[in-house]
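Per-entry structural report
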Amino acid sequence: MSFITIDQRKLHYFQQGAGKTVLWIHGFPLTGEMWKWQLDLPGVLHLLPDLAGFGQSDAFPDPAEPSMARYGSDLLALLDELEIGSAILAGCSMGGYVAFDILRSAPERVDAVILANTRETEDSPSSRNARAETIRATEEAGDVSDLANDMIPKLLGPGSQSDQSMIELVSGMIQASSIAGVVFALGAMARRPDSSDVLRSFSKPALILAGEHDQLIPREDAERMAHLLPQAKLTVIPGTGHLPAIEEPALFNDAISEFISDHDLSN
Ligand code: MLT
């Protein structure tokens, strides 16, 4: 178990392997553990942080101005601390929004991107309203149980909805979220900018992964991102919902292995 300290906050991460770094950035409201099956991918250094307020990482103490940039700067501080110059960024959903921030602020630190179940657009007014309502309800409830009950059916695809061990894994990650962390993330997602320009100007290799039955971010979003990126490949993982990394890890990992070897990214 490893931590770095940033402004007196603890940021937790897990590290395994050796070689080119893959920085795995989890979705909302999960933890680095969502990538545990990706540790099977050989030949790379896996870095699995918990974003601030999730898992074992402390929340930001000053939630006034939530932004993806706060998460992005934490992850760049982690790379600095570990003396890693550049990495392959792999982001799921909100993790993709964080990856877009790093592409905007420090593109030279990124060798390639793997964007799973994410979208480059900003929130619609109705999504912003829904996030404000979730903030209100979560603060009022004072715990994340209702959030977990609401989200699990949306996160998992039809084949995983009754898989008890998967439900327990996802529920355990959600239960590890702090209220402050959830509130910050919802505010940051609501305020995030459109990142189409960032994708258009990223000319290094990109892999887009989508879940065939993703209810939260449909595959049309993935298709649009693949058109915006100058050098992208899109793979749809059959039978999965919003979390193919967990739901079909073998298929998900095969797509990534092929991407890494096609582009000779492991050196
Ligand atoms: C996520 O999985 O990170 C979230 O569902 C993304 C979002 O709400 O936009």
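Fair warning: this is a prediction, and the values are worked out from it, not measured in the lab.

Cut-offs used in this document
Residues numbered from 1 in each chain as written. Predicted model: local features only at pLDDT ≥ 70, side-chain atom pairs only at ≥ 80, totals over all residues. Heavy atoms only, no water. Buried < 20%, exposed > 50% of the residue type's maximum accessible area, 1.4 Å probe, protein only. Helix = DSSP H or I, 4+ residues; strand = E, 2+ residues; numbered from the N terminus. Pairing = 2+ DSSP bridges. Phe/Tyr/Trp six-rings, centres within 6.5 Å; stacked < 30°, edge-to-face > 60°. 1 Å grid on protein atoms, 1.4 Å probe; cavity = no way out; pocket = protein on both sides within 12 Å on 5 of 7 lines; lining within 4 Å. Points joined across faces, edges and corners; volume = space filled by probe spheres on them. Core = buried A, V, L, I, M, F, W, Y, C linked by side-chain atoms within 4.5 Å. Contact = heavy atoms within 4.5 Å. Near = heavy atom within 4 Å. Polar contact = N/O pair within 3.5 Å; in protein donor to acceptor, adjacent residues only side chain to side chain. Areas by Shrake-Rupley, 256 points an atom, 1.4 Å probe, with all protein chains shown as cover. Axes fitted to C-alpha atoms, helices over the stretch in contact; angles between N-to-C directions.

We now examine the pairing of strand β7 (residues 206-211). Within β7, 6 of the 6 residues are buried, which leaves the element mostly enclosed by the surrounding structure. A two-sided burial pattern is seen for β7, the buried positions comprising Ala206, Ile208 and Ala210 on one face and Leu207, Leu209 and Gly211 on the other. In this structure, β7 lies alongside strand β8 (residues 232-237), joined through 6 bridges in parallel fashion. Paired with leucine 207 across the bridge in β8 is lysine 233.

Considering all chains together, one arrives at 6 aromatic pairs under this definition. Relative to phenylalanine 252, the ring of tryptophan 35 has its centre 6.4 Å away and its plane inclined at 40 degrees; by these criteria the two rings are tilted. Residue tryptophan 35 is found in the loop between β3 (20-25) and β4 (44-49), and its partner phenylalanine 252 is found in helix α10 (residues 249-262); the two are separated by 217 residues along the sequence. Judged by relative accessible area, which is 1%, phenylalanine 252 ranks as buried. Geometrically, the ring pair formed by phenylalanine 60 and tyrosine 71 is tilted, given 5.8 Å between the ring centres and 45 degrees between the ring planes. In this pair, phenylalanine 60 is assigned in the loop between β4 and α1 (68-81) and tyrosine 71 in helix α1, connecting sequence segments 11 residues apart.

What follows is about the layout of surface pockets. There is about 480 Å³ of room inside the largest pocket. Surrounding the largest pocket, 24 residues form its lining, Phe28, Arg131, Met151, Met189 and Leu216 being those nearest its centre. Where the lining of the largest pocket is concerned, the elements lending two or more residues are α3 (125-141), α4 (145-155) and α6 (179-191). At 5 residues, the largest contribution of residues to the lining of the largest pocket is made by α4.

For the rest of this paragraph, the subject is the pairing of strand β6 (residues 110-116). Burial analysis of β6 places 7 of its 7 residues in the buried class, which makes it a mostly covered element. Bridge count for strand β5 (residues 87-92) against β6 is 6 bridges, and the pairing is parallel. Counted as the bridge partner of alanine 90 is isoleucine 114 from β6.

Within the largest apolar cluster, 93 residues are counted, with the highest numbers of intra-cluster contacts made by Phe28, Tyr71 and Met94. Dropping the residues within four chain positions of it, methionine 94 is found in contact with His26, Gly27, Phe28, Leu51, Phe54, Met68, Tyr71, Ala185 and Met189.

Taken together, Gly27, Phe28, Ser93, Met94, Tyr97, Arg131, Met189, Leu216 and His242 form the complete shell of residues around the ligand. Within the side chain of serine 93, one N or O atom sits 2.8 Å away from an oxygen atom of the ligand. At 2.8 Å from an oxygen atom of the ligand is found a main-chain nitrogen or oxygen belonging to methionine 94. Notes on the ligand: free accessible area 270 Å², of which the protein chains cover 91%.

Secondary-structure assignment places aspartate 214 in the loop between β7 and α8 (219-228). A polar contact is formed between the side chain of aspartate 214 and the backbone nitrogen of leucine 216, at a distance of 2.8 Å. Within the structure, the side chain of aspartate 214 is placed 2.8 Å from the side chain of histidine 242, a separation counted as a polar contact.

Before going further, it helps to spend a moment on the sheet that holds strand β1 (residues 2-6). The sheet built from 8 strands is open, its strands ordered β1-β2-β4-β3-β5-β6-β7-β8 with mixed pairing. The open sheet has two free edges, formed respectively by β1 and β8, since each of these has just one partner strand. Neighbouring strand axes in the sheet, compared pairwise and without regard to direction, differ in orientation by 20 degrees on average. Taken together, the 5 bridges between β1 and strand β2 (residues 9-17) define a ladder with antiparallel strand orientation. The partner of isoleucine 6 across the bridge, within β2, is arginine 9. Strands β3, β5 and β6 of the sheet are contacted by helix α2 (residues 94-105), whose axis makes an angle of about 145 degrees with β5.

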